[in-house]
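Close look at the chain arrangement
Single-letter residue listing:
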Amino acid sequence: MPRYYDEIEIEDMVWDEKKGVFHYPCPCGDRFEITKKQLAEGDETATCPSCSLIIRVVYDWTEYEDYKDPEEQGT
């Protein structure tokens, strides 16, 4: 079982349309990131690309269970 730095509600994260990720500030100065596809697959771990910290994202998976990746739809 992973050791999470913190648990963050998805409502407290910011959606970055350009990168296609939700993000949240990391203490190292970078930011934790997780995609809608990861959420749809049941992944609740957002990672920071600059350090080893991870957070658990608290969200209602039913909001993402029908998510289709736009790249897979050919859009």
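Residues numbered from 1 in each chain as written. Predicted model: local features only at pLDDT ≥ 70, side-chain atom pairs only at ≥ 80, totals over all residues. Heavy atoms only, no water.

1. Looking at the environment of V14
By the element assignment, V14 lies in strand β2 (residues 14-16). Distance from V14 to E33, taken between C-alpha atoms, is 9.6 Å for residues 19 residues apart in sequence. Those residues in contact with V14 that lie beyond four places of it in its chain are V21, F22 and H23. (Helix = DSSP H or I, 4+ residues; strand = E, 2+ residues; numbered from the N terminus. Contact = heavy atoms within 4.5 Å.)

2. Re the pairing of strand β4 (residues 31-35)
Here strand β3 (residues 21-25) runs beside β4; their pairing, made up of 5 bridges, is antiparallel. Bridge pairing in β4 links H23 to E33. (Pairing = 2+ DSSP bridges.)

3. Some details on the side chain of H23
With respect to the helices and strands, the residue H23 is situated in strand β3. Residue contacts for H23: discarding those within four places in its chain leaves M13, V14, D16, R31, F32 and E33.

4. As for a negative patch on the surface
Taken together, the side chains of E9, E11, D12, D60 and E63 define an acidic patch exposed on the protein surface. Of note, D60 is situated in the loop between β6 (54-58) and α2 (70-73). For D60, a relative accessible area of 39% puts it in the partly exposed group. (Patch = residues over 30% accessible without salt bridge, like charges linked within 9 Å, V, L, I, M, F, W, Y side chains within 5 Å. Areas by Shrake-Rupley, 256 points an atom, 1.4 Å probe, with all protein chains shown as cover. Salt bridge = Lys/Arg side-chain N within 4 Å of Asp/Glu carboxyl O. Lys, Arg positive; Asp, Glu negative; His and termini not counted. Charge placed at Lys NZ, Arg CZ, Asp CG, Glu CD. Buried < 20%, exposed > 50% of the residue type's maximum accessible area, 1.4 Å probe, protein only.)

5. A short note on the packing of aromatic side chains
On inspection of all chains with the given rule, the structure shows 2 aromatic pairs. With centroids separated by 6.4 Å and ring planes inclined at 25°, the aromatic side chains of Y5 and F32 adopt a geometry described as stacked. With Y5 in the segment before β1 (6-9) and F32 in strand β4, the pair connects residues that are 27 residues apart, well separated along the chain. Residue classification places Y5 among the partly exposed positions, given a relative accessible area of 46%. Sitting above the plane of the W15 ring, K36 keeps its charged end 4.4 Å from the centroid. (Phe/Tyr/Trp six-rings, centres within 6.5 Å; stacked < 30°, edge-to-face > 60°. Lys NZ or Arg CZ within 6 Å of the ring centre and 35° of its normal.)

6. Concerning the environment of M13
Mapped onto the secondary structure, M13 falls in the loop between β1 and β2. Linking M13 and F32, residues 19 residues apart in sequence, is a C-alpha distance of 9.2 Å. Setting aside chain neighbours within four positions, we find M13 in contact with I8, F22, H23, Y24, I34, A46, I55 and V57.

7. Section: the side chain of T45
With respect to the helices, strands and loops of the structure, T45 is situated in strand β5 (residues 45-47). Relative accessible area serves as the criterion here: at 17%, T45 is assigned to the buried category. Side-chain polar atoms of T45 contact the side chain of Y4, separated by 3.3 Å. Apart from the residues within four sequence positions on either side, T45 is in contact with Y4, I34, Q38, I54 and I55. (Polar contact = N/O pair within 3.5 Å; in protein donor to acceptor, adjacent residues only side chain to side chain.)

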